[in-house]
Amino acid sequence: MELFGEPVALSTAILLIGALALALGFEMVNGFHDTANAVATVIYTNSLKPNVAVVWSGIWNLIGVLASSGAVAFAVVALLPVEMVLNVGSAAGMAMVLSLLVAAIVWNLGTWYLGLPASSSHTLIGSILGVGMAHSMMNAEVFGTGVNWGKAQEVFASLLVSPLIGFGGAALLLLLAKVLIKNKALYEAPQKDTPPPLWVRSILIFTCTGVSFAHGSNDGQKGMGLVMLILIGVLPASFALNEGASRQDMQDLLRSSAEVTSLLEKRYGTVELSDEDASLELSNYLKPNVSPSKATAGAIVHLQKRVNAYVAGMSQLKEVPRDQRTKLRSDLYLLDESLGKLVKQGRITDEADQAAVGRFRKELGNSTRFIPAWVKVVVALALGIGTMVGWKRIVVTVGEKIGKDHLTYAQGASAELVAMVTIGAADHLGLPVSTTHVLTSGVAGTMVANKSGVQMATVRNLLLAWVLTLPACVFLGAGLFGAGLYALSRLGF
């Protein structure tokens, strides 16, 4: 049978459908688990009826996914071991994807059932780390070498700082509102079934809309990244390269490559390497805690020249023969990540040289970091539909069980506004953050600032869930990876 013009065995097609179903299932669970935070404030301030709120939020989650850039999607993929990203179509690669998805779904469903707003971002990233660690152990490597720790540190920093911003920002915004807006009704519990004043209601609906859009544009990208990883692994001829790259993109790629080749040869000289040795040198260099050797720059130059020679006579990437696209993508990926690591390690310090490397990396990204429109649509639908079901457990926790007093209009607006801005900024920077952590921290911050008090039992359970999410998902991901690898090998993959 054929899929996207590519011949595949029936067993491969079944595996592909199952993997895509898991990825979309993760996004649906993400929808009703995380996005419930966005509607809690408008529901508990009587700004919108529950059914209207969840449908409205679902629509804006969908729009957020469709409008997203894709930067977060590839930031999440970059956490995976380099060799597994390059060989995602192997049994180990598919076991990796399936196990991290199942682990994330299991933990998300468990915390949702208990009404605990745990982080889907932490869940997914913990599963990825578990898979990477298990991979390094099973290949007799030094423990932890299967994880891109540099990228993990960036992600951890964003996940750690964002709830602190949510707590502090929402608390300060509420205190500022009390100084500037002398309307006592804003700081009291809403009367039953009575909506707030029109201008307050407009603000609350606007912030709900903004958080929903930001959640879609940030969290939705995680699902897109996983869907693309699956498609690249199973159907590399169709998805390894961006067939939509224009003639101008190709010319820009060659021009930027020549510029970077010149500066590297000028700075580091030339080193003669075989094709295999050059690829191996860069694969090793991209492992954690590895510094460049004398051959690293030479390996980059070698791969650049090989890529240049290969695509020089082509006007579009779709002209690359299908059976050679996986290899070309591997070369482009190795070049992109290696140059990025050189800059981060301070090996390229001249501003003009850094700018040249940045331009080249942008062109490399245009060749491999793409998300087809239909992928955005199906992920958007999964997230949007998920938002409209199963939301009530988390909403009750956020609205009733964090503070001792009922959520006020001003508290809801402050928490939502800070969450909207924080998540939107993270999306712009390509950093995955937790909507759950930002918003629930914001609600807690307003309770403290308002001297409403917090329910310590709920806070304890929330903190426990937050602390346990990463290690639990690390173990889940690692265990499922081993089991999945065994099962796929037995099935002949």
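Keep in mind it's a predicted model, so treat the numbers as computed, not measured.

About the criteria used
Residues numbered from 1 in each chain as written. Predicted model: local features only at pLDDT ≥ 70, side-chain atom pairs only at ≥ 80, totals over all residues. Heavy atoms only, no water. Helix = DSSP H or I, 4+ residues; strand = E, 2+ residues; numbered from the N terminus. Buried < 20%, exposed > 50% of the residue type's maximum accessible area, 1.4 Å probe, protein only. Contact = heavy atoms within 4.5 Å. Areas by Shrake-Rupley, 256 points an atom, 1.4 Å probe, with all protein chains shown as cover. Axes fitted to C-alpha atoms, helices over the stretch in contact; angles between N-to-C directions. Parallel < 35°, antiparallel > 145°, perpendicular 65-115°, else oblique. Left-handed = near helix turned anticlockwise from the far one by under 90°. Nonpolar A, V, L, I, M, F, W, Y, C, P; charged D, E, K, R; others polar. Patch = residues over 30% accessible without salt bridge, like charges linked within 9 Å, V, L, I, M, F, W, Y side chains within 5 Å. Salt bridge = Lys/Arg side-chain N within 4 Å of Asp/Glu carboxyl O. Core = buried A, V, L, I, M, F, W, Y, C linked by side-chain atoms within 4.5 Å. Phe/Tyr/Trp six-rings, centres within 6.5 Å; stacked < 30°, edge-to-face > 60°.

A. Quick look at the overall build of the chain. When you go through the chain residue by residue, the secondary structure sums to 20 helices and 2 strands. When each of the 493 residues of the chain is scored for burial, the buried share is 56%. Once local pairs closer than 6 in sequence are excluded, the contacts in the chain between residues at least 24 apart make up 85%. Element-wise, carbon and sulfur atoms account for 64% of the exposed surface of the chain, whose accessible area totals about 20100 Å².

B. Spotlight on the packing of helix α3 (residues 50–67) against helix α16 (residues 373–387). Between α3 and α16, the shortest axis-to-axis distance is 8 Å and the interhelical angle comes to 160 degrees. Judged on the interaxial angle alone, α16 and α3 are roughly antiparallel. Note on packing geometry: the crossing formed by α3 with α16 is right-handed. Packed against α3, whose contacting residues are V54, S57, G58, N61, L62, V65 and L66, the element α16 presents K376, V377, V379, A380, L381, L383, G384 and T387 at the interface. Per-class residue counts for the contact of α3 with α16 are 9 nonpolar, 5 polar and 1 charged.

C. Structural context of the side chain of Q304. Tracing the sequence through the fold places Q304 in helix α13 (residues 296–311). Every residue in contact with Q304, bar those within four places of it in the chain, is listed here: S257, V260, T261, L264, L335, L339 and F360.

D. Region of interest: a nonpolar patch on the surface. A contiguous nonpolar patch, built from M28, V55, I59, I63, L66, F213, V377, L381, I385, M388 and V389 and spanning about 800 Å² of accessible area, is present on the exposed surface. Within the secondary structure, V389 is located in the loop between α16 and α17 (392–401).

E. Layout of the nonpolar core. The biggest cluster of nonpolar side chains holds 87 residues, and the ones touching the most others in it are L100 and I230. A total of 10 residues in this core trace back to one element, the largest contributor, which is helix α6 (residues 91–113). The residues contacting L100, other than those within four sequence positions of it, are L80, L124, S127, I128, V131 and L226. Counting 31 residues, the second largest nonpolar core, distinct from the first, contains V200, A214, Y409 and M420.

F. Here's a closer look at the environment of A415. Assignment of secondary structure puts A415 in helix α18 (residues 409–429). The sequence separation of A415 and L174 amounts to 241 residues, and the corresponding C-alpha distance is 8.5 Å. If near-sequence neighbours (up to four positions away) are discounted, A415 is found in contact with A170, L439, G442, V443 and T446.

G. Spotlight on the packing of aromatic side chains. Inspection of every chain in the model, using the stated rule, returns 3 aromatic pairs. Between W60 and F213, the aromatic rings sit 6.4 Å apart at their centres with planes inclined by 65 degrees, giving edge-to-face as the arrangement. Of this pair, W60 sits in helix α3 while F213 sits in helix α9 (residues 198–234); the two residues are 153 residues apart in sequence, bridging distant segments of the chain. W60 sits in the partly exposed class, given a relative accessible area of 25%. Classification of F213 as partly exposed rests on a relative accessible area of 31%.

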